[in-house]
Amino acid sequence: MTIVDAQKKMNHKRLLNKKFCTFMPQCLCACSLAIFLVFLMGSCTLKVAEAPGVYHQVKKGQYLWRIAKIYGVDMKVIMRANRLSDPNKLRVGQYLFIPKAKAVLTVETHKSPISLKKGSFTWPVDSRRITSHYGTRKGRQHKGIDIVAPTGTRVVAAASGMVVYSGVLGGYGNLIIIDHENGYSTVYAHNSKNLVKEGDRVKRGQRIGQVGSTGRSTGPHLHFEVRKGHQAVNPLGYLP
Ligand SMILES: [Zn+2]
């Protein structure tokens, strides 16, 4: 090998090295971008798969409609996900699955309701014919009173408050629940028609539905309940 040949070889090596060196950053860039994209896609699909909801532990004085509102999830969706037949039947300490929620949120708790006097609620229908009273009936607990009235008779709100449930619910048929925001709620069942929707504010005596016989019912009547906290109480103790 002559000196010229050796120099040529060295130059060629340098050139190769140079080419290799200038090529490397682009290659690294492309590779890292590809890895990053794959990682990003992976983490996105992972997120969807890993966060379909959260578990919320029920504390004393927390109501389902309040929990649903805080999480921004439809109460009926939570009921379906947890196979709840009655939105009033929550146990303290129970874990509720909240679909689509990303984090456990703080839900305000209501203090034990004060005791309301007789006459605090108005009669929900213009009828006083009670065919079934509050209490045990054929070995089963009847949580309200059945007031007989013709189909279509107006059903009114027993006190002002917010409609927290309006829809069909098992044996209740067309059901309305009003939260009176003092720890009490009232329940109106078997309606032929509900005239209010969830979130509506209603005044005492305002028309909310029509008497019917939907759900588990043998004839047109209103099944009316008063709930103190989660506990059903005798409505006659609060009606005039
Ligand atoms: Zn009843």
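Residues numbered from 1 in each chain as written. Predicted model: local features only at pLDDT ≥ 70, side-chain atom pairs only at ≥ 80, totals over all residues.

Novice: Before we go on, may I ask you to explain the pairing of strand β14 (residues 221-228) in this structure?
Specialist: The two faces of the sheet receive side chains in turn, since in a regular strand these alternate between them. A large share of β14 lies buried, amounting to seven of its eight residues. Note: strand β6 (residues 145-148) against β14, four bridges, orientation antiparallel. Bridge pairing in β14 places V148 opposite H221. Two successive antiparallel strands, β14 and strand β15 (residues 231-233), enclose a turn made up of two residues, where G229 displays a positive phi of approximately 65 degrees. (Buried ≥ 20, exposed ≤ 12 C-beta atoms within 10 Å, placed from the backbone. Helix = DSSP H or I, 4+ residues; strand = E, 2+ residues; numbered from the N terminus. Pairing = 2+ DSSP bridges.)

Novice: Before we go on, may I ask you to explain the nonpolar core in this structure?
Specialist: The nonpolar side chains of a soluble globular protein tend to be buried, and buried together. Counting 41 residues, the largest nonpolar core has L175, I176, Y188 and L222 as its most contacted members. Going through the elements one at a time, α2 (64-71), α3 (75-81), β2 (95-99), β6, β8 (161-168), β9 (174-179), β10 (184-191) and β14 are the ones with two or more residues in this core. Sort the elements by how many residues they give to this core and α2 lands first, with five residues. For this core, the two domains that each supply at least three residues are domain 1 (53-99) and domain 2 (130-237). Those residues in contact with L222, other than ones at most four positions away along the chain, are P124, V125, I147, A149, V155, Y188, H190 and V211. (Core = buried A, V, L, I, M, F, W, Y, C linked by C-beta atoms within 7 Å. Domains from an automatic or database assignment. Contact = placed C-beta atoms within 7 Å.)

Novice: Which parts of the structure should I look at to understand the environment of K197?
Specialist: Looking at where K197 falls in the secondary structure, it is placed in the loop between β11 (193-194) and β12 (201-202). Dropping the residues within four chain positions of it, K197 is found in contact with V163 and S166.

Novice: Help me understand the pairing of β10, please; the structure alone is not making it clear to me.
Specialist: Where burial is concerned, most of β10 is hidden: eight out of the eight residues are buried. In this structure, β9 lies alongside β10, joined through five bridges in antiparallel fashion. Each bridged residue has a counterpart across the sheet, and for I176 the counterpart in β10 is Y188. Two successive antiparallel strands, β9 and β10, enclose a turn made up of four residues, where E181 displays a positive phi of approximately 60 degrees. Relative to β14, β10 runs antiparallel, the two being bridged by six bridges. Paired with A189 across the bridge in β14 is H223.

Novice: Explanation requested: the sheet that holds strand β13 (residues 207-210) in the structure shown.
Specialist: Strand pairs in the sheet, formed through backbone hydrogen bonds, run parallel or antiparallel to each other. Strand order in this open sheet of three strands is β7-β13-β11, and the pairing throughout is antiparallel. Taken across any chain shown, the strands that pair with only one partner, and hence form the sheet edges, are β7 (154-156) and β11. Two strands pair when backbone bridges link them, and β11 and β13 are joined in this way by two bridges, in the antiparallel orientation. Across the sheet, the residue bridging to N194 is G209, located in β13.

Novice: Any chance you could explain the environment of I145 here in plain terms?
Specialist: Along the chain, I145 falls in strand β6. In the structure, I145 is positioned 79 residues away from F224 in sequence and 5.4 Å away in space, judged by C-alpha atoms. In contact with I145, not counting residues within four places along its chain, are I130, S132, H133, Y134, F224, P235 and L236.

Novice: Explain the confidence of the model for the protein chain here, please?
Specialist: A low pLDDT means the predicted coordinates there should not be read in detail. Summary statistics for the protein chain give a mean pLDDT of 83 and a share of 79% for residues scoring 70 or more. Scored below 50 in pLDDT, residues 37-49 makes zero contacts in the model with residues more than four places away or belonging to other chains. (pLDDT = per-residue confidence, 0-100.)

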